[in-house]
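Structure at a glance
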Amino acid sequence: MERKGAVLTGLPAFIAALPKVELHLHLEGAVDAATFARLLARHGERASEDAVAALFDFSDLGEFLAAYGRVCGAMRDAEDFELATLEALRRCAAGGARYVELFFSSHAHAGLSYVDMLAGIEAGADAAAAECGVETRLIPAHSRELGPERGLVFLEEVLTHRTARIAGIGLDYQERPHPPAPFAEMYRRARAAGLGVTAHAGEDGPADYVRDTVVLLGCRRVDHGYHIVDDPDLMAGCRDAGIDFTVCPTTTTHTTVWRDLAAPDHAIRRMIAAGLNVVVNTDDPGLFRTDLNREYELLARHMSLSPQALGQIALNGLRASWMAPERKSRQLSAWSAEIETLVAAAGA
Ligand code: ADE
Ligand code: ZN
């Protein structure tokens, strides 16, 4: 008991010291109330208290996406994107992330070109690298609600304006009734062009969407994936195939049927127990008022994860990342040694 108490006392410090990656983070969802107000002020608008309070008022995925849309509406020029990116990455670094793959929703900013948006994000990522040493890659994400034809146009734009930071593509927004299958051609072309591919599935949609994301879209990484627990055969198959799942503990309490992180049947607990490669992320830390250290703490406290298990999850993240292979293998050795030392010091 005493030992457990001692470990728990040191848990925040242990987690803060863990080298971590963030692979599931939406730029627009990283905007917090203060940054939202600053963005509006840049365009001569004031955010009423009601408008800011409304930002955080959602009880399911649809309401959340409406709030996300309001933030998107406040990001209107390249400078807005630079400011939001720098703020988001500063908070990543403060939350213990050293490497970040950042989603952005290019369709959601009427009147701003993809090129200008990307220029703003690149400038923010450069500034964050210089200021806090955080390395950033980018994942433009297509809204599945717009359908596969617009998905092909989206992909063409991404490929035409590809920079070294563009690591891959994503697929997000409402899962139902927008299953993965119609996006198979878009994903085939993205993979053929050498892009990484990931897609949201199993947050609100069924286990079949997780299967189709892996089998039809060719994703070896799935964002969320929680409903996989409804299909034990699929769980075993994804475990054996080494599929990675970027899970987001706080998100589950807002947008899924698993609202209680301490519940014995919580999907993330069952995914870890089934031996799936789980990576911990924040998803939308501004809107959900969280950060990466807090997400690790939530899992540790509610799911009784040991320092060793947390260290393993942090390493899973690096393995699942789209970092260049040579650099990844060097980092894996360095992080393994660093984590081993931290775990030993935590008395695990
Ligand atoms: N876009 C930002 N966060 C999302 C989520 N949790 N689900 C679907 N789309 C999103
Ligand atoms: Zn997400």
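For the structure, see preceding data.
I will try to describe carefully the structure that is included in this document. The structure displayed is predicted, hence computed values, not measured ones.

So, on to the environment of L171. Structurally, L171 can be placed in strand β4 (residues 168-172). Taking C-alpha positions, L171 is 23 Å from D32, a pair spaced 139 residues apart along the chain. When residues no more than four places from it in sequence are discounted, the contact partners of L171 are A141, H142, R144, F183, A199 and H200.

What follows covers the site of ligand 1. Neighbouring residues of ligand 1: H26, G29, L61, Y68, D172, Y173, H200, E203, T251, T255, D283 and D284. Elements with a contribution of two residues or more to the shell around ligand 1: α5 (61-74) and α12 (249-255). For the shell around ligand 1, the class distribution of residues is three nonpolar, five polar and four charged.

Consecutive side chains of a regular strand alternate in pointing toward one face of the sheet and then the other. Taken across its nine residues, strand β3 (residues 135-143) has eight buried, putting it largely inside the fold. Relative to β3, strand β2 (residues 97-104) is paired through six bridges, and the arrangement is parallel. Its bridge partner being in β3, V100 is matched across the sheet by T136. Since β2 and β3 lie parallel, the crossover through helix α7 (residues 114-132) that links them has a hand, and here it is right-handed. Two strands pair when backbone bridges link them, and β3 and β4 are joined in this way by three bridges, in the parallel orientation.

Definitions and cut-offs
Residues numbered from 1 in each chain as written. Chains lettered and ligands numbered in written order. Predicted model: local features only at pLDDT ≥ 70, side-chain atom pairs only at ≥ 80, totals over all residues. Helix = DSSP H or I, 4+ residues; strand = E, 2+ residues; numbered from the N terminus. Contact = placed C-beta atoms within 7 Å. Near = placed C-beta within 6 Å. Nonpolar A, V, L, I, M, F, W, Y, C, P; charged D, E, K, R; others polar. Buried ≥ 20, exposed ≤ 12 C-beta atoms within 10 Å, placed from the backbone. Pairing = 2+ DSSP bridges. Right-handed = clockwise from strand over helix to strand, strands pointing away.

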